[in-house]
Amino acid sequence: DEDFDDDDFGSKSRSSFDKSVPLINALGQRFPFRKVAALDIGRETYLILNPQFRIPGFDADDALVYQVALSDDDEHLDLILDDDIASEVFDEYNRMLDSNIGGHYDDDDDLF
């Protein structure tokens, strides 16, 4: 799990996620990621995130998929390690881009 502060997360609504999502690693280092997309698939919400700045081990076009996990007292993102789920999220994102549903991918990476 990659947790971040409640102040950084904001509302539980997927449309209110900031463009920048700070992720904190196990060493407490903060890394800002860009929100490329927020997608509802079935009953789950996923975020596709891309590093805002150069991070060792990441290429400029690398992206990570996180599932939004919400409960009454906790809000966090769970990194998707299952290749099948990650592929399903990227496939849905590509279908959305191809059909231009819900917006378009612009220079600001803001689909909502």
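I will try to describe carefully the structure that is included in this document. (Residues numbered from 1 in each chain as written. Predicted model: local features only at pLDDT ≥ 70, side-chain atom pairs only at ≥ 80, totals over all residues. Heavy atoms only, no water.)

1. Comments concerning the overall build of the protein
A count of helical and extended segments in the protein gives two helices and five strands. The burial tally for the protein puts 33% of its 112 residues in the buried class. Long-range contacts, defined here as pairs at least 24 residues apart, represent 37% of the contacts in the protein between residues at least 6 apart. If you sum the accessible surface of the protein, you get close to 7000 Å²; carbon and sulfur atoms cover 45% of it. (Helix = DSSP H or I, 4+ residues; strand = E, 2+ residues; numbered from the N terminus. Buried < 20%, exposed > 50% of the residue type's maximum accessible area, 1.4 Å probe, protein only. Contact = heavy atoms within 4.5 Å. Areas by Shrake-Rupley, 256 points an atom, 1.4 Å probe, with all protein chains shown as cover.)

2. Here we look at the sheet that holds strand E3 (residues 44–51)
Read across the open sheet, the five strands follow the order E1-E2-E3-E4-E5; overall the sheet is antiparallel. Strands with a single pairing partner mark the edges of an open sheet, and in this sheet they are strand E1 (20–24) and strand E5 (75–79). Between one strand axis and the next, the sheet turns through 45° on average, direction left out of account. Pairing geometry for strand E2 (residues 30–41) and E3, over eight bridges, is antiparallel. When the sheet's bridge partners are listed, Ala37 is paired in E3 with Ile48. Sheet strands in contact with helix H2 (residues 83–99) are E2, E3 and strand E4 (64–70), and its direction is about 75° off that of E2. (Pairing = 2+ DSSP bridges. Axes fitted to C-alpha atoms, helices over the stretch in contact; angles between N-to-C directions.)

3. A few points about the nonpolar core
Judged by nonpolar contacts, Val36, Ala37, Leu39, Ile41, Tyr46, Ile48, Val65, Ile80, Ala86, Val89, Tyr93 and Met96 together constitute the single largest core of twelve residues. At the level of secondary structure, the elements contributing two or more residues to this core comprise E2, E3 and H2. Residues within four places of Ala86 in sequence aside, it is in contact with Val65 and Ile80. (Core = buried A, V, L, I, M, F, W, Y, C linked by side-chain atoms within 4.5 Å.)

4. Considerations on H2
For H2, spanning 17 residues, the distance from its first C-alpha to its last is 24 Å, which sits close to the expected 24 Å at 1.5 Å a residue. Looking only at H2, the buried set comprises Ala86, Val89, Tyr93 and Met96. When H2 is viewed along its axis, its buried side chains cluster within an angular range of 85° and face the same direction. Relative to its buried face, H2 has exposed residues pointing more than 90 degrees away, namely Asp83, Asp84 and Asp98. (Expected span 1.5 Å × (residues − 1). Arc of directions from axis to C-beta.)

5. Some words on the pairing of E5
Counting buried positions along E5 gives four out of five residues, so the element sits mostly inside the fold. The pairing of E4 with E5 spans five bridges and is antiparallel. Counterpart to Leu70 in the pairing with E5 is Glu75. Between E4 and E5, which pair antiparallel one after the other, the connecting turn spans four residues.

6. Some points on the packing of aromatic side chains
Per the stated rule, a full pass over the model turns up one aromatic pair. Both rings, one in Phe33 and one in Phe58, keep their centres 6.1 Å apart while their planes meet at 80°; by these two values the pair is edge-to-face. Pair noted here: Phe33 is in strand E2 and Phe58 is in the loop between E3 and E4, with a separation of 25 residues, a long-range link. For Phe58, a relative accessible area of 22% gives the class partly exposed. (Phe/Tyr/Trp six-rings, centres within 6.5 Å; stacked < 30°, edge-to-face > 60°.)

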